[in-house]
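Secondary and tertiary structure notes
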Amino acid sequence: MESDDFDQLDRQLVHALQLDARLPFSRIAEVLGVSDQTVARRYTRLLTAGRLRTMGLTDPVALGEDRWLVRVQCSPAAASAVAGALARRDDTSWVNLNSGGTEITCIVRSAPGEDEHALLLQRLPRTPSVIGVTAHCVMHTFFGGSLSLFSKSSTLSREQIERLGPPPAVRAASGPVRLDEGDRRMLAVLFQDGRAPLTELAEATGWSQSTVRRRMAELRECGALYLDVDFGHEIFGTASRAMLWLSVAPSELAATGQALADHPEVAYVCATTGRTNLHAVVLCRDTPAVYTYLTTRIASLPAIRQVETAPIIRSVKGAGPLVRPALTRSAAGRVSPAAGGRR
């Protein structure tokens, strides 16, 4: 499906689901001024075409987890295999091929005291065709995660957003949220489908539907669970994506990070450890638009000392679990022999 195959109604539907992926189609239809059947048909069309997926995701900060932004340099011939092996891991997200296919980036999450991510970083350099590995700890997120790029768009009017209803209020917990086995079973279903019916969630957990509803509300309220939408960027005409690695004076780090977070092109920005201290992901219409962004908005931020730009060539895995048939989960948790790894 090309960008011309999508219209404003498709974009409004995606925006509505981003506000709350579990909104009833009837409410969305009423606000958009179409029938329930039209909304259901559009949703099914985007879903079956692989252009839309709703997901229930956990927030690493609420769970007390560490996040590492990992950059892997390898030979072009091995990049796809290494990226696929990384994508099959349960602790990775946002696995991308960048810079002509010679670099892989991904996010690795780990619980406090867990050393599995360290084992991954130790193993990768011993993988043939891997030239270098660097890891940057994410210290603070200015924009991303549960904060959607849609909050900076005008796809839905303010009135339509108000009519759809506010998402659940988030009240930060006093400490890391602990998940039990029932929570994990419920989340495993929501990871695959954020709109999974209560009957399916009840069957997976062994809880009653009322217990499922209450626990889901609790996890959303404390920020441990949020609902997200994985969508094809062609729906919104943002064909060019790039990663930015920026060096900023420490005294200006917070102000510059927030300024980037306010840019409509920025989908994610965080402060990291390492040789650079800000990382951002930008979405633009095309390559000339990326150039315009760099020479206008970025150039206007005086604290930025240096910028490295890495175009995203292909996304192998997004925020949620890997669902592409070509990359099965049978080899999850290790760098596979197909990628030249050693157990």
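Located above this text is the structure these notes cover.
Before going into details, it helps to say that this report is about the structure given with it. Given the structure is predicted, the values throughout are model-derived calculations rather than measurements. For every chain, the first residue of the written sequence is number 1, and numbering continues from 1 onward in sequence order. Where totals are concerned, whole chains, interfaces and linings use all residues; where local detail is concerned, this predicted model gives features only for residues with pLDDT of at least 70, and gives and counts side-chain atom pairs only at 80 or more. Side-chain metrics rest on all non-hydrogen atoms present in the structure, leaving aside hydrogens and water.

Some details on the overall build of the chain
Selection rule: Helix and strand definitions follow DSSP, with helices as H or I runs of at least four residues and strands as E runs of at least two, each counted in order from the N terminus. For the exposure calls, accessible area comes from a 1.4 Å probe over protein chains only, and a residue counts as buried if that area is under 20% of its type's maximum, exposed if over 50%, partly exposed in between. Should any heavy atoms of two residues lie within 4.5 Å, those residues are considered in contact. Per-residue and other accessible areas follow the Shrake-Rupley method at a 1.4 Å probe size, with only the shown protein chains counted as cover for residues.
Looking only at helices and strands, the chain has 11 helices and 10 strands in total. Buried residues in the chain amount to 50% of all 343 residues. Considering only intrachain contacts with a sequence separation of at least 6, the fraction spanning at least 24 residues in the chain is 77%. By element, 52% of the accessible surface of the chain is carried by carbon and sulfur atoms, the whole surface being about 16,200 Å².

Some words on the packing of aromatic side chains
For the record, the criterion: Working definition: a ring pair exists when centres of Phe, Tyr or Trp rings (six-membered ring for Trp) sit within 6.5 Å. Plane angles under 30 degrees give stacked, over 60 give edge-to-face, the rest tilted. Lysine NZ or arginine CZ positioned within 6 Å of the ring centre and within 35 degrees of the ring normal marks a charge as sitting over the ring.
This structure, assessed with the given rule, holds four aromatic pairs. Where phenylalanine 25 meets tyrosine 43, the ring centres are 5.2 Å apart and the plane angle is 55°; that geometry is what we call tilted. Pair noted here: phenylalanine 25 is in helix H2 (residues 25–32) and tyrosine 43 is in helix H3 (residues 36–48), with a separation of 18 residues, a long-range link. Each member of the pair, phenylalanine 25 together with tyrosine 43, is buried. Residue placement shows arginine 71 over the ring face of tryptophan 245; its charged tip is 3.9 Å from the ring centre.

Focus on the packing of H2 against H3
Formally: The angle between two axes is taken between their N-to-C directions and runs from 0 to 180 degrees, where each axis is a line fitted to C-alpha atoms and a helix contributes only its stretch in contact. Relative orientations are named as follows: roughly parallel for angles under 35 degrees, roughly antiparallel for angles over 145 degrees, roughly perpendicular for angles from 65 to 115 degrees, and oblique for any other angle. Note that Gly is not counted as nonpolar here; it falls among the polar residues with everything else outside the nonpolar set of Ala, Val, Leu, Ile, Met, Phe, Trp, Tyr, Cys and Pro and the charged set of Asp, Glu, Lys and Arg.
Axis separation between H2 and H3 bottoms out at 8 Å; the angle between their running directions is 110°. Regarding the angle of H2 to H3, the classification is roughly perpendicular. Judged by residue contacts, Phe25, Ser26, Ile28 and Ala29 of H2 engage Asp36, Val39, Ala40 and Tyr43 from H3. Across the contact of H2 with H3, the residue classes break down as six nonpolar, one polar and one charged.

Re helix H10 (residues 253–262)
Using the following cut-off: The arc in question is the one traced by the directions running from the helix axis out to the C-beta atoms.
The complete set of buried residues in H10 reads Leu253, Thr256, Gly257, Leu260 and Ala261. Relative to the axis of H10, the buried residues are bounded by an arc of 145° and lie together on one face. Those residues of H10 that are exposed and aimed more than 90 degrees away from the buried face are Ala254 and Asp262. In this fold, the buried residues of H10 make contact with strand S5 (130–143), strand S7 (240–248), strand S8 (266–272), strand S9 (278–284), helix H11 (287–298) and strand S10 (304–317).

Things to note about the nonpolar core
Heads up, the condition is: Residue types Ala, Val, Leu, Ile, Met, Phe, Trp, Tyr and Cys, when buried and joined through side-chain atoms within 4.5 Å, form a set referred to as a nonpolar core.
Among the nonpolar cores identified, the biggest contains 23 residues, and Leu244, Leu246, Leu260, Val269, Leu278, Tyr293 and Ile298 are the most heavily contacted of them. Among the secondary structure elements, those contributing two or more residues to this core are S5, S7, H10, S8, S9 and H11. Beyond its immediate sequence surroundings of up to four residues, leucine 246 is in contact with Leu260, Thr276, Asn277, Leu278, Ala280, Ile298, Ile304, Gln306 and Val307. Ranked by size, the runner-up nonpolar core spans 22 residues in total, among them Leu9, Val14, Leu32 and Val229.

As for the pattern of salt bridges
Two side chains bearing opposite charge may form a pair once their charged atoms approach each other closely. Under the convention used in this document: The rule for a salt bridge is simple: a side-chain nitrogen of Lys or Arg has to be within 4 Å of a carboxyl oxygen of Asp or Glu.
Counted according to the given criterion, the structure contains 14 salt bridges. Here aspartate 91 makes a salt bridge to arginine 89, at a shortest N to O gap of 2.9 Å. For the residue pair aspartate 91 and arginine 89, the accessibility class agrees, reading buried in each case. A salt bridge links arginine 215 to glutamate 218; the nearest nitrogen and oxygen atoms lie 3.1 Å apart. Separated by three residues within a single helix, arginine 215 and glutamate 218 lie in helix H9 (residues 209–221), roughly one turn from each other. Because the salt bridges share partners, they merge into one network encompassing Asp7, Asp10, Arg42 and Arg45.

Structural notes on unusual backbone geometry
Even without a glycine there, the phi angle at tryptophan 94 is positive, about 50°. Topologically, tryptophan 94 is positioned in strand S3 (residues 92–98). Unlike most non-glycine residues, serine 99 shows phi in positive territory, near 50°.

Describing the side chain of glutamate 103
Position of glutamate 103 among the secondary structure elements: in strand S4 (residues 103–110). The contacts of glutamate 103, once residues within four sequence positions are left out, are Arg71, Val72, Gln73, Asn96, Leu97, Asn98 and Ala310.

Details of the packing of helix H1 (residues 8–19) against H3
Between H1 and H3, whose axes approach to 10 Å, the crossing angle comes to 90°. One finds that H1 runs roughly perpendicular with respect to H3. Across from Leu9, Asp10, Leu13, Val14 and Leu17 in H1, the residues of H3 making contact are Thr38, Val39, Arg42, Tyr43, Arg45 and Leu46.

A closer look at the pairing of S7
To be explicit about the condition: Two strands form a pair only when DSSP identifies at least two bridges running between them.
Of all nine residues making up S7, nine are buried, and the element is well covered by its neighbours. With burial as the criterion, each face of S7 is covered, one bearing Ser240, Ala242, Leu244, Leu246 and Val248 and the other bearing Arg241, Met243, Trp245 and Ser247. In the sheet, S7 pairs with S9 via seven bridges, with the strands oriented antiparallel. Bridge assignment links tryptophan 245 to a residue of S9, and that residue is histidine 279. Looking at chain direction, S7 and S10 are connected through seven bridges and run antiparallel. For methionine 243, the partnering residue across the bridge sits in S10 and is alanine 310.

Quick notes on the sheet that holds strand S2 (residues 66–74)
In space, the eight strands of this closed barrel follow the order S2-S4-S3-S10-S7-S9-S8-S5, with antiparallel pairing throughout. Taking each pair of neighbouring strands and ignoring which way they run, the sheet shows an average axis angle of 35°. Taken together, the seven bridges between S2 and S5 define a ladder with antiparallel strand orientation. By the bridge assignment for S5, glutamine 73 is matched with glycine 132. Together, S2, S3, S4, S5 and S10 form the strand contacts of helix H4 (residues 76–87), whose direction differs from that of S3 by roughly 170°.

That's the geometry; what it means functionally is another story.
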